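Each chain, letter by letter, is given below.
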Amino acid sequence: MENLKALQSIDTKLKDLNDLLGDLPSKVDELNQQEDLIKSTLEGNKERLKEIAVESHKREVRIAEINIKVNRLKDQLFLVTNNKQYDALMVEIDHLKDQRSTFENESLSLMEEKETLTESVETMDSELGTLSSDLTVRREKLESAISDSADEKSSLEEKRIEKVDGIDFNTVSIYNRVCEARNGLAVVSLSGNGCGGCGAHVPMQKVTEIRANIVIHRCDVCGRFLYSENNSVN
Ligand SMILES: [Zn+2]
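Worth saying up front: this structure is predicted, and the values here are computed from it rather than measured.

Enquirer: Looking at this model, I keep getting lost on the overall build of the chain. Mind explaining?
Expert: Along its length, the chain carries 4 helices and 4 strands. Listed N to C, the secondary structure of the chain is α-α-α-β-β-α-β-β in terms of helices and strands. Expected size for 234 residues packed as a compact globule is a radius of gyration near 17 Å; at 40 Å, the chain overshoots this value by more than 25%. Dimensions along the principal axes, computed over C-alpha positions, put the chain at roughly 130 × 35 × 25 Å. Of all 234 residues assigned to the chain, the portion counted as buried reaches 31%.

Spelled out as structure tokens, the structure:
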């Protein structure tokens, strides 16, 4: 029975390790994806800032051109000889002023977008710096955990082979079968007069024998091996 308990304890540790190992690589992946997402957003924002600079410059040039034209037309106003010419010039000036105000509005919203983006780029830049160093530390921890677990796993597997050698073949094959069927738990302690695995009632005669540790019994319902925490003949 002691050998079976030891075997169960080794197998439980192995199961925990496998669960952990199964989880770690996906956690590392998750962190990498998080970093990639921030990087690509940041690059996108920086690209947009470059575009804004080009677009703003285009509008400044157009506004300057319009100002020159307007001034030229205003000078011509003094030279006109009749109302018709005067009105025609005024229409042209108004039209240019409308164009100018459209460009000015566009310039203004570009400036606003630039301000917001610049702020967010600065914040993200510093966040990325913090995150990157944090990620490096976490990745290293995870990677060393993976390699530690692999070492622990092979040492547990060696111990398992030793334990299995100390138990008769028939019992080991029952143990393996129950483990398979019962989610890795084949050896449980009594819980009062019940099975610690499934809760089924264990007959008094068996309980007494299990407590006395003279016969190895299994639960009639779930098939698990049963032992008693308080081994005593009393
Ligand atoms: Zn049971």
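Enquirer: Teacher, can you tell me more about the side chain of Asp11 here?
Expert: With respect to the secondary-structure elements, Asp11 resides in helix H1 (residues 2-77). Polar contacts involving the side chain of Asp11 include one to the side chain of Arg160, which spans 2.6 Å. Not counting the four nearest positions on each side in its chain, Asp11 is found in contact with Arg160, Tyr175 and Cys179.

Enquirer: It is not clear to me how the nonpolar core should be interpreted in this structure. Could you clarify?
Expert: Nonpolar side chains in soluble globular proteins generally cluster together in the buried interior. Counting 15 residues, the largest nonpolar core has Ile38, Leu42 and Leu142 as the members making the most contacts within it. Secondary-structure elements contributing two or more residues to this core are H1 and helix H2 (83-165). For this core, the leading source of residues is H2, giving 8 residues. Ranked by size, the runner-up nonpolar core spans 13 residues in total, among them Leu7, Val178, Cys179 and Val187.

Enquirer: Quick question: what am I supposed to make of the pairing of strand S1 (residues 187-191) here?
Expert: Consecutive side chains along a regular strand alternate between the two faces of the sheet. Taking burial as the measure, the 5 residues of S1 include 4 buried ones, the bulk of the element. Here S1 pairs with strand S2 (residues 194-195) via 2 bridges, running antiparallel. Note that in S2 the partner of Ser191 across the bridge is Gly194. Between the antiparallel neighbours S1 and S2 lie 2 residues, among them Gly192 with a positive phi of about 65 degrees.

Enquirer: I would appreciate a short explanation of the coordination of the zinc ion in the present structure.
Expert: Reference values for angles at a metal are 109.5 degrees in the four-donor tetrahedral case and 90 or 180 degrees in the six-donor octahedral case. Here the zinc ion is held by Cys195 (SG), Cys198 (SG), Cys219 (SG) and Cys222 (SG), and the distances to it run 2.2 to 2.3 Å. For the zinc ion, the 4 donor atoms in the first shell make angles of 105 to 113 degrees at the metal, so the coordination geometry reads as tetrahedral.

About the criteria used
- Residues numbered from 1 in each chain as written.
- Predicted model: local features only at pLDDT ≥ 70, side-chain atom pairs only at ≥ 80, totals over all residues.
- Heavy atoms only, no water.
- Helix = DSSP H or I, 4+ residues; strand = E, 2+ residues; numbered from the N terminus.
- Rg over C-alpha atoms; globule rule 2.2 N^0.38 Å.
- Buried < 20%, exposed > 50% of the residue type's maximum accessible area, 1.4 Å probe, protein only.
- Polar contact = N/O pair within 3.5 Å; in protein donor to acceptor, adjacent residues only side chain to side chain.
- Contact = heavy atoms within 4.5 Å.
- Core = buried A, V, L, I, M, F, W, Y, C linked by side-chain atoms within 4.5 Å.
- Pairing = 2+ DSSP bridges.
- Donors = N, O, S within 2.8 Å, 3.2 Å for Na, K, Ca; no water.
- Tetrahedral: all angles 85-135°; square planar, octahedral: opposite > 155°, others 65-115°.

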